[in-house]
Amino acid sequence: QKEVEQDPGPLSVPEGAIVSLNCTYSNSAFQYFMWYRQYSRKGPELLMYTYSSGNKEDGRFTAQVDKSSKYISLFIRDSQPSDSATYLCAMSRAQKLVFGQGTRLTINP
Amino acid sequence: EAEVAQSPRYKITEKSQAVAFWCDPISGHATLYWYRQILGQGPELLVQFQDESVVDDSQLPKDRFSAERLKGVDSTLKIQPAELGDSAMYLCASSPLSGGVNTGELFFGEGSRLTVL
């Protein structure tokens, strides 16, 4: 069993929809949680990071962490075609960063 | 805007050949990482440097992979001999802090895509 599980998709939604991306994890030692966006043939770029349980909002993006359920989510409001990318969850423990598999998202105009 | 530079962007080689990738991190970043990303999967750490010292190479297949960062600036990752299973994207990342993994402050390059035939 992988430490971090993420549905690879692909996920396809119409422009303007609310998108929900999720990851689960098994190791309670993870303390920091991040979401990266990776466009095709590019390196990942950090979208958001959180430490505690709860919600963190940044523009159209909201990151949610539920440590009791070992579950994290990323919500994208008013999705745009430019949001089409692979979204990777990542979490760190003992100075090690572990990535999920990534979810491939397409926003259709 | 400062970026992590990597070369080559694409490399096609035959198995048993040697291949090398180069990375120039953002100026002033002391921590440098090499990740491997197999198609459809998330990046996995191969090696981490703090300045010129290796901090973690526990996942580096040392029988065929080597990495160095001689002057604590740019870095080279070498594979010799390459195998079919080495086909992947090799990503370099740098961070201004050793604790950058805790805040996600890793800045990735565009990667070097390796195809082994």
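Computed from a predicted model, the values in this text were never measured in an experiment. (Residues numbered from 1 in each chain as written. Chains lettered and ligands numbered in written order. Predicted model: local features only at pLDDT ≥ 70, side-chain atom pairs only at ≥ 80, totals over all residues. Heavy atoms only, no water.)

Asks: Describe the sheet that holds strand E8 (residues 75–79) of chain B, listing the residues and the values that go with them.
Replies: All names here are of chain B. Strand order in the open sheet made by the four strands is E1-E3-E8-E7, with antiparallel pairing throughout. Bordering the open sheet on either side are strand E1 (5–7) and strand E7 (65–68), each of which pairs with just one other strand. Sheet twist, expressed as the mean angle between neighbouring strand axes with direction ignored, is 15°. Here three bridges tie E1 to strand E3 (residues 19–24), and the two strands are oriented antiparallel to one another. Following the sheet pairing, Ala5 is matched in E3 by Asp24. (Pairing = 2+ DSSP bridges. Helix = DSSP H or I, 4+ residues; strand = E, 2+ residues; numbered from the N terminus. Axes fitted to C-alpha atoms, helices over the stretch in contact; angles between N-to-C directions.)

Asks: Let's hear about the nonpolar core: which residues, and what values?
Replies: Ranked by size, the top nonpolar core spans 24 residues in total, and within it A:Trp35, A:Ile72, A:Leu74 and A:Tyr87 carry the most contacts. Contributions of two or more residues to this core are made by strand E3 (19–25), strand E4 (32–38), strand E5 (45–50), strand E7 (61–66), strand E8 (71–76), strand E9 (85–93) and strand E11 (103–108) of chain A. One finds B:Val19, B:Leu77, B:Ala88 and B:Tyr90 within the second-largest nonpolar core, a separate group that totals 20 residues. (Core = buried A, V, L, I, M, F, W, Y, C linked by side-chain atoms within 4.5 Å. Buried < 20%, exposed > 50% of the residue type's maximum accessible area, 1.4 Å probe, protein only.)

Asks: If you had to explain the interface of chain A and chain B to someone new, which residues and values would you point to?
Replies: Chain A puts 18 residues into the contact, and the matching count from chain B is 24 residues. Where chain A abuts chain B, roughly 1700 Å² becomes buried across the two surfaces, and 48% of that area is made up of carbon and sulfur atoms. The three residues of chain A that bury the most area against chain B are A:Arg41, A:Gln95 and A:Phe99, which together make up 31% of that side's buried surface. Taken together, the connections running from chain A to chain B amount to two salt bridges. Close ionic contact of A:Lys42 with B:Glu110 constitutes a salt bridge, the shortest N to O distance being 2.6 Å. In this structure, the connection of chain A to chain B is made through five residue pairs in polar contact (both at pLDDT 80 or more). Elements with a contribution of two residues or more to the side of chain A that touches chain B: E4, E5, E9 and strand E10 (96–99) of chain A. Considering each element in turn, the side of chain A that touches chain B owes the most residues, four residues, to E4(A). Residues that form the side of chain A that touches chain B fall into these classes: nine nonpolar, six polar and three charged. (Contact = heavy atoms within 4.5 Å. Buried area = accessible area lost by both parts, 1.4 Å probe. Salt bridge = Lys/Arg side-chain N within 4 Å of Asp/Glu carboxyl O. Polar contact = N/O pair within 3.5 Å; in protein donor to acceptor, adjacent residues only side chain to side chain. Nonpolar A, V, L, I, M, F, W, Y, C, P; charged D, E, K, R; others polar.)

Asks: So what's going on with the sheet that holds E7(A)? Which residues, and what values?
Replies: Residues and elements named next belong to chain A. Pairing is antiparallel across the open sheet formed by five strands, whose spatial order is E1-E3-E8-E7-E6. The open sheet has two free edges, formed respectively by strand E1 (4–6) and strand E6 (54–58), since each of these has just one partner strand. For this sheet the average axis-to-axis angle between neighbouring strands, irrespective of direction, equals 20°. Pairing analysis gives three bridges linking E1 to E3, with the strands arranged antiparallel.

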